[in-house]
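Tertiary structure, described
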Amino acid sequence: MRARLPDRDGYAQRDGLKIFYEVFGDGPQTILLLPPWAINHSRTWKAQVPYLSRHFRVVTYDPVGNGRSDRPQDPNQYTDWKRVADAIAVMDATGTQEAVIVGICTEAWVATLLAGEHPQRANGLVFFAPVSPYGESMPEREGFSFDEPRDSYEGWAKENRHYWLSNYKDFLEFFFSQAIDEPHSTKQIEDSVGWGLETDPKTLLATVDAPEYLGTLTAADPQVAELYRKIECPVLVIHGEHDRLVSPTRGEAVAQATGGELIVVKGGCHVLWGRQPVKVNLLLRDFAERIASMAPVKEQRWTTARSRRRRALYISSPIGLGHAQRDIAIARELRHLRPDLEIDWLAQDPVTRVLEAEGERIHPASRFLASESKHIESESAEHDLHAFQAVRRMDEILVNNFMVFHDIVRDEPYDLWIGDEAWELDYFLHENPEEKRAAYVWMTDFVGWIPMEDGGEREAFLTSDYNAEMIEHIARYPRLRDRSIFVGNPEDVVADRFGPDLPLIADWTREHFDFSGYVTGFDPAAFADRAALRAELGYKPDETVCIVTVGGSGVGGHLLRRVIESFPAAKRLVPNLRMIAVAGPRIDPASLPSADGLEVRAYVHELYRHLAACDIAVVQGGLSTTMELTANRRPFLYFPLRHHFEQNFHVRHRLERYGAGRCMDYATATPDDIAAAIASELKRPVGYRPVETDGAARAAKRIAELL
Amino acid sequence: MRAREPDGSGYVENAGARIYYEVFGSGPKTLLFLPTWSLVHSRVWKLQVPYFARHYRVIAFDGRGNGKSSRPSGAEAYSAQNFVDDALAVMDATVTARATVAGYSMGGLHLAMLAANHASRVAGAVFIGPVAPFGAKGRPERTAFSWSEPLPTSEGWAKHNKHYWKRAYDDWLAFFAGKVLTEPHSTKGIEDVIGWGNETNADVLIATYEAPESPGEPPSDLAQAAQYYARIACPVLVIHGSDDEVIAHSAGAGVAKATGGTLVTIAGGGHAPHLRHPVKVNILLRRFMDDVAATADRAARSWRTSQSTPRGLRAEHTHTLR
């Protein structure tokens, strides 16, 4: 899901062609992110738009030839000056008098022409890997004819009109493997190939067959120097040192010719805005703020070190409600150990509801977080959530949410940052280590992305690539995490390998993590008197209470319905059955079917008390609910979501170690099967391994040592 | 030993005094550190000068009444206007057309006069714990005591008194240094202030207090003062400690408000943030210099449009991944 939707969109017109634009945010300074060459479109800026639009007005548009803009076949529509006219048309249509204009590659040349011809429209220019008559070409790209057919096509020979027509996808894959050649770039490459496939090779050929102004100029032409000299506004050039498409000598030359600033990114590829989004975001913001001479905040406060109160920023993952409960328990223990500690939470719905109910302070910037739960819901199908791909496709949400975090901590000192499965925090800190400014604790209940079998070779490769990236991060920056806490015991870690030629997950985790034991968030001893608890909750002694709950996100709706369907058969087998279906905070109870003897309730605070009181539960395969039931020694059926590696592998491994629950297959379980399973689990004696109760205290102790 | 020796130094005569100045570093942008009350001299900026001298041209001079400048006698010699004219004389002597200027405490009042009345010389103004017409006039334990009348007591702020200065200068000096630097663990700063205070004497300081008011000074009427400070057109930064016991924080806040500048409050900080929190002040001041430079560049560039002079590379950075 997109991290930020436009506030306005529409079409500009140029020579009767429609150009699709989007406008985000508001404010006196606009940043115009020019589209790339029509091989891609405005979505190339997906990691920039959500962040920049919180601080500026941002305009993007799709190039003629891709996206939602028109795709004429006439090459004359794609000349340099026509592309300048496209930008002006969009600026006019969006009421943008002047802007900081950002151009990539060949489009940096377009920006150059624009700023020279219409100086009053550009108050700043940013060029990424600018193409120019100045500088040198890339030798590897030379020597191949674009027009002559070949017997075979290898490497840059694929940049050929015949190959484009016959093997377009392969060309795209090659092109982007060169454009984004830093390690662990699978998502960026996948995205770019996908956007390339949204146009077709004939249209793309039209763009390169355009009578080309740039192509007719050489470095010796005096008009080139004149074009650059005409630029009046400040210029910033950003170029990857290892760019395989455009030589960094071009970037250097353009910076020299314009008197601009040059930033060379060592280790950087061509598509820096995609592969190094945090750094690029910070550079763009800083540049635009200087251009706008944005009056710095008129009042600032800096607190001397000894006057500062002890503060922690707690980032709790909103995927499901399980993290919230354990984090609150850990926070409580932390406050016993450090009574003067103030905790701010950076969190979003549904976690915020739980936090608010506990009286915790939610940082106001939390409202800028892009919704992870909505994204996860959008990724799910009938009882199916490919968790790994969902997280992979959450990339722009993660960048946005890291930038929200960064905005907070760059101005507000905290002693400690705690991230409970805060993927964006861990990933981007390891990619931008200089942004670490406080002690940092990482917590998780699983280690290792594991491929689903039906994902085949591709998925096996991707999960091992992601795992390898994580292992490399930790090996290179071992002190970035001050604590890595595994919520569980060493035996709870799966027996798999991270990937071929990678370590065993259990061995590596033992070496790199502390084990706190499981953190339930409550003490089961509190429910020792089950009879009294049942009475309090309104459950009669002769009722067989079955609670059906599917977690904090909206994914579980199908399971909820299927179990409700089993109720009549179950009631026949268990005559005193009373089934209570809990819809959770993101499913509307009114959307669920009803039956006699069946109750549907919306969000239930302290659901764990009801689960402790019930006779049997039917749940999804998430860790926190199944472990609550295990700790309370309740019979339960659990249905892991299809394609959800964490539920199918990590959680199942742990539950089997405790000897807890019965795993069901949603794909094959009919309502009658479910009814029969309910009846039979009620009869099975419970012999679970006890769940430790000191997990929160142990975790808090390790964390408190940092304060 | 000093962390940085001057690259040049000299004397300039003005209004009956001989003013000693030092120049450090080089470059197109100059940062001028004004002297403050004659209790101390240019060494009060010792924690700023070495850093800024690596990035800009820096000028510091000793105010009349202390350091290597002369100590003219008579109250008239110590008018605010004379201090302002001393600054202009130093700028002229060092061929400095324009500078970003920093003023601390009493120097903050002189800076306001410079920026309001000589705008073409001031590219940016940084006020640190400034004396100004705004805000609370001081804590009750201070305002309770007259400076000029003999007092029956010599406890606390009663020491800040003309007659006590004459008879027990050292005792007052130790007391006052402890009020400039009120935060824990400030012994070195306090020692330094006492040392600098011992380079002058009670007669000089009395003269500074009895100096006649200058016509160019900001008016004490608040509404008129606001108009006066509003004339300051250059970028302004004000840094003031929340717990300043010499000049109330509200004075600096008033300067920021009247000039439209930025106020940075040092929460928990006292009267000399540049001595007690030098790193933070250096970072704030550096950022301010860069912002001022950017503003000036833009102004210069739009003027240059019709000239089409080629520009060289302005800055080059290398950011290294992992």
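Analysis parameters
- Residues numbered from 1 in each chain as written.
- Chains lettered and ligands numbered in written order.
- Predicted model: local features only at pLDDT ≥ 70, side-chain atom pairs only at ≥ 80, totals over all residues.
- Heavy atoms only, no water.
- Helix = DSSP H or I, 4+ residues; strand = E, 2+ residues; numbered from the N terminus.
- Rg over C-alpha atoms; globule rule 2.2 N^0.38 Å.
- Buried < 20%, exposed > 50% of the residue type's maximum accessible area, 1.4 Å probe, protein only.
- Areas by Shrake-Rupley, 256 points an atom, 1.4 Å probe, with all protein chains shown as cover.
- Lys, Arg positive; Asp, Glu negative; His and termini not counted.
- Charge placed at Lys NZ, Arg CZ, Asp CG, Glu CD.
- Contact = heavy atoms within 4.5 Å.
- Arc of directions from axis to C-beta.
- Pairing = 2+ DSSP bridges.
- Axes fitted to C-alpha atoms, helices over the stretch in contact; angles between N-to-C directions.
- Core = buried A, V, L, I, M, F, W, Y, C linked by side-chain atoms within 4.5 Å.
- pLDDT = per-residue confidence, 0-100.
- Salt bridge = Lys/Arg side-chain N within 4 Å of Asp/Glu carboxyl O.
- Disulfide = S-S within 2.5 Å.
- Right-handed = clockwise from strand over helix to strand, strands pointing away.
- Phe/Tyr/Trp six-rings, centres within 6.5 Å; stacked < 30°, edge-to-face > 60°.
- Polar contact = N/O pair within 3.5 Å; in protein donor to acceptor, adjacent residues only side chain to side chain.
- Parallel < 35°, antiparallel > 145°, perpendicular 65-115°, else oblique.
- Left-handed = near helix turned anticlockwise from the far one by under 90°.
- Nonpolar A, V, L, I, M, F, W, Y, C, P; charged D, E, K, R; others polar.

1. Here's the deal with the overall build of chain A
Each helix and strand counted, chain A has 26 helices and 22 strands in total. Here the C-alpha radius of gyration of chain A, 29 Å, is about what a compact globule of 707 residues would show, namely 27 Å. Referenced to the eigenvectors of the C-alpha coordinate spread, the extents of chain A come out at roughly 95 × 65 × 50 Å. Counting every position in chain A, which comprises 707 residues, the buried fraction comes to 62%. Carbon and sulfur atoms provide 49% of the accessible area of chain A, an area that totals close to 26,400 Å². For chain A, the centre of its 81 positive side-chain charges and the centre of its 106 negative side-chain charges are spaced 5 Å apart.

2. Describing the overall build of chain B
Scanning chain B from N- to C-terminus turns up 11 helices and nine strands. Its C-alpha radius of gyration of 20 Å places chain B within 12% of the 20 Å reference for a compact globule of 322 residues. Taken along the three principal axes of its C-alpha coordinates, chain B extends 70 × 50 × 45 Å. By sequence separation, contacts in chain B at least 24 residues apart represent 71% of the contacts at least 6 residues apart.

3. Examining helix α26 (residues 695–704) of chain A
Residue and element names in this part refer to chain A. Among all positions of α26, only G695, A696, A699, A700, I703 and A704 are buried. With its buried residues spanning 155° around the axis, α26 presents them on a single face. Among the structural elements, α12 (322–337), β13 (416–420), β14 (439–444) and β15 (483–486) are those in contact with the buried residues of α26.

4. Some thoughts on the sheet that holds strand β20 (residues 616–620) of chain A
Strand pairing in a sheet relies on backbone hydrogen bonds, with the paired strands running either antiparallel or parallel. All names here are of chain A. Spatial strand order, β19-β18-β17-β20-β21-β22: six strands in an open sheet with parallel pairing. In this open sheet, the two edge strands, each paired with only one partner strand, are β19 (598–601) and β22 (662–663). Bridging between strand β18 (residues 577–582) and β19 involves four bridges; their strand directions are parallel. Paired with M579 across the bridge in β19 is L598. Relative to strand β21 (residues 636–639), helix α24 (residues 645–658) is tilted by about 160°, and along the sheet it contacts β20, β21 and β22.

5. Concerning the nonpolar core
If you look at the biggest cluster of nonpolar residues, it comprises 158 residues, and the most contacted ones within it are I101, L125 and F128 of chain A. When residues of this core are assigned to their parent elements, the largest contribution, nine residues, is made by helix α16 (residues 395–411) of chain A. Beyond its immediate sequence surroundings of up to four residues, L125 of chain A is in contact with I101, A111, A115, I231, C233, P234, V235, L236 and F287 of chain A. V23, F175, V193 and V264 of chain B belong to the second-largest nonpolar core, a separate cluster that totals 95 residues.

6. A short note on the confidence of the model for chain B
Residue and element names in this part refer to chain B. Scored by pLDDT, chain B has a mean of 91; 91% of the residues are at 70 or more. Confidence drops under pLDDT 50 across residues 301–322; counting only partners more than four residues distant or on other chains, this segment forms 50 contacts. For this predicted complex, the interface confidence score (ipTM) comes to 0.78, while the overall pTM stands at 0.83.

7. Quick notes on the pattern of salt bridges
All names here are of chain A. Evaluation of the coordinates by the stated rule reveals 76 salt bridges over all chains. Across the pair E543 and R578 runs a salt bridge whose closest N-O atoms are separated by 2.9 Å. Of this pair, E543 sits in the loop between α20 (530–537) and β17 (544–549) while R578 is found in strand β18, placing the two residues 35 residues apart along the sequence. Take E543: its relative accessible area is 14%, and that puts it in the buried class. One network of salt bridges, with partners in common, ties together K540, E543, R578, E599 and R601.

8. Let's talk about the environment of Y477 of chain A
Within the fold, Y477 of chain A resides in the loop between α18 (456–476) and β15. Sequence spacing of Y477 of chain A and S366 of chain A is 111 residues, and the spatial spacing of their C-alpha atoms is 28 Å.

9. What about the side chain of E646 of chain A?
Residue and element names in this part refer to chain A. Secondary-structure assignment places E646 in helix α24. Of the side chains bearing the opposite charge, R654 lies closest to the buried E646, which forms no salt bridge; the N-O distance is 7.2 Å. Ignoring sequence-local partners within four residues, the contact set of E646 consists of D445, F446 and V651.

10. Some points on the sheet that holds strand β12 (residues 361–362) of chain A
Residue and element names in this part refer to chain A. If you walk across this open sheet you meet the seven strands as β12-β11-β10-β13-β14-β15-β16, and the pairing is parallel. At either margin of the open sheet sits one strand with a lone partner, and together these are β12 and β16 (514–515). With five bridges joining them, strand β10 (residues 311–316) and strand β11 (residues 342–346) adopt parallel strand pairing. From the neighbouring strand, Y314 faces β11, where its bridge partner is W345.

11. A word on the state of the cysteines
Applying the stated criterion across every chain yields a total of zero disulfides over all chains. The closest cysteine sulfur to the non-disulfide-bonded C105 of chain A is located on C269 of chain A, 12 Å from its own sulfur.

12. Some details on the pairing of β10 of chain A
All names here are of chain A. For β10, a buried count of six out of six residues is recorded, marking the element as mostly surrounded by other parts of the structure. As for the winding sense of the linkage, the β-α-β connection from β10 through α12 to β11 is right-handed. Bridge analysis of β10 against β13 gives five bridges, and the strand direction is parallel. Bridging across to β13, L313 finds its partner in W417.

13. A word on the pairing of strand β7 (residues 236–241) of chain B
In summary, the side chains of a regular strand alternate between the two faces of the sheet. Residues and elements named next belong to chain B. Along β7, six of the six residues are buried, which leaves the element largely enclosed by surrounding structure. Pairing analysis gives four bridges linking strand β6 (residues 122–128) to β7, with the strands arranged parallel. Note on β7: the bridge partner recorded for I128 is I239. For the handedness criterion, the β-α-β arrangement of β7, helix α9 (residues 249–259) and strand β8 (residues 262–267) is classed as right-handed.

14. Regarding the packing of aromatic side chains
Residues and elements named next belong to chain B. All chains considered together, the criterion is met by 57 aromatic pairs over all chains. Seen in terms of ring centroids, W37 and W172 are 6.0 Å apart; in terms of plane orientation they differ by 75°. Their pairing is edge-to-face. Here the residue W37 occupies a position in the loop between β3 (30–33) and α1 (49–53), and W172 occupies one in helix α5 (residues 162–180), the gap between them amounting to 135 residues. For W37, a relative accessible area of 14% gives the class buried. Plain terms: the ring middles of W45 and Y104 are 6.4 Å apart, the flat faces sit at 75° to each other, and that makes the pair edge-to-face. Of the two residues, W45 is situated in the loop between β3 and α1 and Y104 in strand β5 (residues 99–104); the sequence distance between them amounts to 59 residues. You can call W45 buried: its relative accessible area is 1%. With relative accessibility at 5%, the residue Y104 sits in the buried group.

15. Some words on helix α7 (residues 202–210) of chain B
Every buried residue of α7 of chain B is accounted for by A202, V204, L205, I206, A207 and T208 of chain B. For α7 of chain B, the capping residue at the N-terminal end is N201 of chain B, with a side-chain oxygen 3.0 Å from the backbone nitrogen of D203 of chain B.

16. Some points on the packing of helix α21 (residues 557–573) of chain A against helix α25 (residues 671–683) of chain A
Residues and elements named next belong to chain A. Close contact between α21 and α25 brings their axes to 7 Å; oriented N to C, the two are set at 55°. On the basis of their axis angle, the class for α21 and α25 is oblique. Handedness of the α21/α25 crossing: right-handed. Along its contact with α21, which presents R562, V563, E565, S566, A569, A570 and L573, the element α25 presents P671, D672, I674, A675, A676, I678 and A679. When grouped by side-chain class, the residues that make up the contact of α21 with α25 number 10 nonpolar, one polar and three charged.

17. Comments concerning the environment of D291 of chain B
All names here are of chain B. Considering the arrangement of structural elements, one finds D291 in helix α11 (residues 278–304). Judged by relative accessible area, which is 38%, D291 ranks as partly exposed. Note: C-alpha distance between D291 and G124 (167 residues apart in sequence) is 9.5 Å.

18. Concerning the environment of A219 of chain A
All names here are of chain A. If you trace the backbone, A219 turns up in the loop between α7 (201–208) and α8 (222–229). In this structure A219 comes out as partly exposed when scored by relative accessible area, which is 40%. A C-alpha to C-alpha distance of 9.8 Å links A219 and E136, two positions 83 residues apart in sequence. Sequence-distant contacts of A219, defined by excluding residues within four places in its chain, comprise P133 and Y134.

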